[in-house]
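Analysis of the macromolecular model
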Amino acid sequence: MIFVAVGTQFSFNRLIQYMDEWAISDSNKKQEIVTAQISDGDYLPKNIEYERFMSAETYNKNIREASVFVSHAGMGNIISARDQQTPIIVINRQLALGEHRNDHQAEGLKWMGKLEGVYTASTQDELYSHLNNIKELMPATHSHVGNQQLSDYIADFILHGDGKASLVKL
Amino acid sequence: MTKLTKQKILAIASPGGHWIQLNKICKPLENQFDIVYITPGAKYSTDKDSKRIINITDASADSKLKLIPLVLQLITIFIKERPTAIISTGAAPGAIAILLAKILPIKTIWVDSIANVAQLSRSGRIIKNIADKVITQWEPLSDGHKISYQGSIL
């Protein structure tokens, strides 16, 4: 199964359409079932299963069970893909196409592609070339997300760091 | 004399990547502190885990009218919970909480989202000189003084 998700803030009709078309293309031949979370998009796919929004449980189960997770270039999904040990392909929303308020996802793609288990695409061709080599997509070799040093630093600051001189006493 | 009760921390983030990052950062702190999570994403309150989550109104630069209920909710939470610190990973509601806490005896910590590679997030730049501690997850954005770098969550 391939799981597709576009976040909850905006629709991403273009990605859903790409996946809808890929699902019945010669390169897939319906081998992989595609399931999508489409948010409030108005493109309704014909060849793949979809829901607008899913419970956190279903959502994470889909990521875990997918052979690959296809997503907008959002940080949350990259982290979830690593948590669930599933390779992820991210495609950026484009400001020029009215898909986002800014183009930060295009900038994000540059460094996201350097992360283990993350594959990037900015066009339909790039997306399809990853999907057509699906067996070669690998998850990150470790699933830990978090940073003890960062959390310890914050704890130390809360306990011993300099706060400002407060103006009001509660 | 040792304190028997844990210090209370408010952890605030918007849904999606901000929320997931906040949880990853705060999880290791849960033994040490009493953490109350705050989010404008109502759907998270149905999560099965035991953490305490308070829902607030969302507001951003595009929805200025919603600032009023948001500010009132945050002040109510501050009075009721009396936190010693606030942590936020963004976006706007977290920055507003840090702005409000400026005049209160609450330490404020901003951890900029890992998605902000080239410069701090818009909210991060606004509260850069207001938060007591600003942390980036990208070393080049650290100035070794006001903006700290302690690695990233990935």
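Notes on the structure follow. Small disclaimer: the values here were computed from a predicted structure and weren't measured.

1. Regarding the overall build of chain B
Counting secondary structure elements, chain B contains four helices and seven strands. On C-alpha atoms alone, chain B measures out to a radius of gyration of 15 Å, which is about the 15 Å that the 2.2 N^0.38 rule sets for 154 residues. In terms of principal-axis extent, the alpha carbons of chain B reach across some 45 × 40 × 35 Å. Within chain B, the proportion of its 154 residues that are buried is 45%. A separation threshold of at least 6 residues defines the contact pool for chain B, and within that pool the share at least 24 residues apart is 53%.

2. Let's talk about the pairing of strand E4 (residues 85–90) of chain B
Within E4 of chain B, six of the six residues are buried, leaving the element largely enclosed by the surrounding structure. Taking the sense of rotation as the criterion, the β-α-β connection linking E4 of chain B, helix H3 (residues 92–101) of chain B and strand E5 (residues 107–111) of chain B turns out right-handed.

3. Some words on the sheet that holds E5 of chain B
The strand order E3-E2-E1-E4-E5-E6-E7 (chain B) describes an open sheet built from seven strands, whose pairing is parallel. Two strands in the sheet have a free side with no partner beyond their single neighbour: strand E3 (52–55) and strand E7 (147–149) of chain B. Looking at each pair of strands side by side, their axes are set apart by 25° on average, direction ignored. Pairing of strand E1 (residues 8–13) of chain B with E4 of chain B involves five bridges; the strand directions are parallel. In the strand pairing of E4 of chain B, Leu10 of chain B is matched with Ile86 of chain B. On the sheet, helix H6 (residues 148–160) of chain A packs against E1, E4, E5 and strand E6 (133–136) of chain B and is oriented at approximately 165° with respect to E5 of chain B.

4. Quick notes on the interface of chain A and chain B
The interface is formed by 34 residues belonging to chain A together with 35 residues belonging to chain B. Top element by residues in the side of chain A that touches chain B is H6 of chain A. It accounts for nine residues. In terms of residue class, the side of chain A that touches chain B is made up of 15 nonpolar, 16 polar and three charged.

5. Some words on the sheet that holds strand E1 (residues 2–5) of chain A
Residue and element names in this part refer to chain A. Spatially, six strands are ordered E3-E2-E1-E4-E5-E6 in an open sheet, and the strand pairing comes out parallel. Each end of this open sheet is capped by a strand with a single partner; those strands are strand E3 (49–51) and strand E6 (118–121). Strand-to-strand twist across the sheet, computed as the mean angle between neighbouring axes with direction ignored, equals 20°.

6. Describing the nonpolar core
Counting residues in hydrophobic clusters, the biggest one holds 84 residues, and the most contacted among them are Val4, Met19 and Ile89 of chain A together with Ala11, Ile86 and Ile87 of chain B. Excluding residues within four positions of it along the chain, Val4 of chain A makes contact with Leu15, Ile16, Met19, Val34, Thr35, Ala36 and Val70 of chain A.

7. Section: the packing of helix H3 (residues 75–83) of chain A against helix H1 (residues 17–26) of chain B
In contact at an axis separation of 7 Å, H3 of chain A and H1 of chain B are set at 45° when each is read in the N-to-C sense. The pairing of H3 of chain A with H1 of chain B is recorded here as oblique in orientation. Crossing angle aside, the handedness with which H3 of chain A passes H1 of chain B is left-handed. Residues Met75, Gly76, Ile79 and Ser80 of chain A of H3 of chain A form the contact with H1 of chain B, whose participating residues are Gly17, Ile20, Gln21 and Lys24 of chain B. Per-class residue counts for the contact of H3 of chain A with H1 of chain B are three nonpolar, four polar and one charged.

What counts and how
- Residues numbered from 1 in each chain as written.
- Chains lettered and ligands numbered in written order.
- Predicted model: local features only at pLDDT ≥ 70, side-chain atom pairs only at ≥ 80, totals over all residues.
- Helix = DSSP H or I, 4+ residues; strand = E, 2+ residues; numbered from the N terminus.
- Rg over C-alpha atoms; globule rule 2.2 N^0.38 Å.
- Buried ≥ 20, exposed ≤ 12 C-beta atoms within 10 Å, placed from the backbone.
- Contact = placed C-beta atoms within 7 Å.
- Right-handed = clockwise from strand over helix to strand, strands pointing away.
- Pairing = 2+ DSSP bridges.
- Axes fitted to C-alpha atoms, helices over the stretch in contact; angles between N-to-C directions.
- Nonpolar A, V, L, I, M, F, W, Y, C, P; charged D, E, K, R; others polar.
- Core = buried A, V, L, I, M, F, W, Y, C linked by C-beta atoms within 7 Å.
- Parallel < 35°, antiparallel > 145°, perpendicular 65-115°, else oblique.
- Left-handed = near helix turned anticlockwise from the far one by under 90°.

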